[in-house]
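Structural overview for review
Residues per chain, in single letters:
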Amino acid sequence: MHQISLLAQLAAIDSQLDELHDELGDLPEIVKQHEKLVADKTAVVEATLQSLHDIEHLRGTAHVTQQELTDRETKLGEQQFQVKNNREFDAITHEIAAIKDRKAELDESVRTAAVREENLRTQLEQQQRELDEAKDALADKEKELEELSGDQNDDLRKFIEMRRKIIGQVDSELETEYQRIRTFHREAVVAIRKNSCSGCYSAIPSQRIMEMKYNREKIHTCENCGRILCTEDEAVDIDTLVEGNA
Ligand SMILES: [Zn+2]
């Protein structure tokens, strides 16, 4: 097989490999962004749950304290009937008043907590919904990536193997040249169509095309864009190439 045919095949395969690479594109990065979103939304939900837990705790301790204060108040009320003088009576009256204040304060904080709890529960519902949505979106993207990678892996293996076989037959100098052109143009080998380079559309003299057909050992490049040129009959499409390899 002529070197130019091998190069044309190599270009067809590399074009497929480029496409596979493009398909995957930003998807891995997008999956990462979704993971971050789920982590953030989980943290928000956890913070709300912690606040609700704190309120629950506050209610529990408030209840116990209220009970203790009530007991103390009752006891003081009984003591007030047994005082020996006004001073003692006033002292107990004072203490009872302080207990009543403390109980009122506790009531108030429990009431405030109840309002706050209601708000938190509403927020939690919304936060939970958002978290669920973020999780669904992440699962979708992960599935997309997995499916694409799965299909890709089969294709990748196939094309890499085909590439390996071809590259083994290409002159190493030509291979280097091909790779060098690849750094400028994705398609390093292009066919001449309608007497023009199909890479840059500049005209190719018919005399030159004749030479190319006459001597297929010589490698020609486009004088305008520098891509390797092949005649139309040497250009291959990937499906034919895959069939030939199957
Ligand atoms: Zn050109």
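The structure displayed is predicted, hence computed values, not measured ones. (Residues numbered from 1 in each chain as written. Predicted model: local features only at pLDDT ≥ 70, side-chain atom pairs only at ≥ 80, totals over all residues. Heavy atoms only, no water.)

Protein-derived ligands of the zinc ion are Cys197 (SG), Cys200 (SG), Cys222 (SG) and Cys225 (SG), with the metal-ligand distances lying across 2.3 Å. Within one chain, the residues donating to the zinc ion are spaced in sequence as C-x2-C-x21-C-x2-C. (Donors = N, O, S within 2.8 Å, 3.2 Å for Na, K, Ca; no water.)

To continue, consider the pattern of salt bridges. According to the stated counting rule, one finds 24 salt bridges in the structure shown. Its salt-bridge partner being arginine 186, residue aspartate 18 comes within 3.6 Å of it at the nearest N-O pair. Taken together, the positions of aspartate 18 in helix H1 (residues 3-24) and arginine 186 in the loop between helix H4 (172-182) and strand S1 (189-193) put the pair 168 residues apart, joining distant regions of the chain. Judged by its relative accessible area of 49%, arginine 186 is partly exposed. Of the charged contacts in the structure, one is a salt bridge between arginine 157 and aspartate 154, with a shortest N-O distance of 3.2 Å. Note that arginine 157 and aspartate 154 are positioned in helix H3 (residues 86-167) at a spacing of three residues, about one turn of the helix. Look at arginine 157 and you get exposed, because its relative accessible area is 55%. Judged by relative accessible area, aspartate 154 falls into the partly exposed class, the value being 47%. Taken together, the shared-partner salt bridges connect Asp14, Asp18, Asp22, Arg163, Arg182 and Arg186 into one network. (Salt bridge = Lys/Arg side-chain N within 4 Å of Asp/Glu carboxyl O. Helix = DSSP H or I, 4+ residues; strand = E, 2+ residues; numbered from the N terminus. Buried < 20%, exposed > 50% of the residue type's maximum accessible area, 1.4 Å probe, protein only.)

Attention shifts here to the packing of aromatic side chains. Geometry of an aromatic ring pair is reported as the spacing of the ring centres plus the angle between the planes. Evaluation of the coordinates by the stated rule reveals zero aromatic pairs. Taking NZ or CZ as reference, lysine 158 lies 5.1 Å from the ring centre of phenylalanine 159, over its face. (Phe/Tyr/Trp six-rings, centres within 6.5 Å; stacked < 30°, edge-to-face > 60°. Lys NZ or Arg CZ within 6 Å of the ring centre and 35° of its normal.)

Bringing the environment of histidine 21 into the picture now. Within the fold, histidine 21 resides in helix H1. Taking C-alpha positions, histidine 21 is 80 Å from glutamate 95, a pair spaced 74 residues apart along the chain.

Take the sheet that holds strand S4 (residues 228-230) next. In spatial order, the strands read S2-S1-S4-S3; together these four strands make up an open sheet with mixed pairing. The open sheet terminates on both sides in strands that have one partner only, identified here as strand S2 (196-197) and strand S3 (220-221). The pairing of S1 with S4 spans three bridges and is classified as parallel. The residue bridging valine 189 from the neighbouring strand is isoleucine 228, located in S4. Packing against the sheet, H1 makes contact with S1 and S4, and its axis sits at approximately 105° to S4. (Pairing = 2+ DSSP bridges. Contact = heavy atoms within 4.5 Å. Axes fitted to C-alpha atoms, helices over the stretch in contact; angles between N-to-C directions.)

In this structure, Leu7, Ile13, Phe159, Tyr178 and Val189 are the most contacted members of the largest nonpolar core, which totals 25 residues. Those elements giving two or more residues to this core turn out to be H1, H3, H4, S1, S4 and helix H6 (238-245). Broken down by element, the residue count for this core peaks at 10 residues, all from H1. Per-domain counts for this core show at least three residues from each of domain 1 (3-21 + 171-245) and domain 2 (25-166). The contact partners of leucine 7, leaving out residues within four places of it in the chain, are Val170, Leu174, Tyr178, Val189, Ile219 and Ile228. Counting 13 residues, the second-largest nonpolar core is a separate cluster that includes Leu27, Leu52, Leu131 and Leu145. (Core = buried A, V, L, I, M, F, W, Y, C linked by side-chain atoms within 4.5 Å. Domains from an automatic or database assignment.)

Our next topic: the domain arrangement of the protein chain. By domain assignment, the protein chain separates into domain 1 (3-21 + 171-245) and domain 2 (25-166). On a C-alpha basis, the centres of domain 1 and domain 2 stand 65 Å from each other. Listed by partner, the interface residues are 15 residues for domain 1 and 11 residues for domain 2. The junction of domain 1 with domain 2 conceals about 1,200 Å² of combined surface from both sides, 69% of it contributed by carbon and sulfur atoms. Area buried by domain 1 at its contact with domain 2 is led by Ile13, Leu17 and Leu20, which between them contribute 44% of it. There are one salt bridge connecting domain 1 and domain 2. Aspartate 14 is the salt-bridge partner of arginine 163, the closest N and O atoms lying 2.6 Å from each other. Summed over the shared surface of domain 1 and domain 2, the result is three residue pairs in polar contact (both at pLDDT 80 or more). (Buried area = accessible area lost by both parts, 1.4 Å probe. Polar contact = N/O pair within 3.5 Å; in protein donor to acceptor, adjacent residues only side chain to side chain.)

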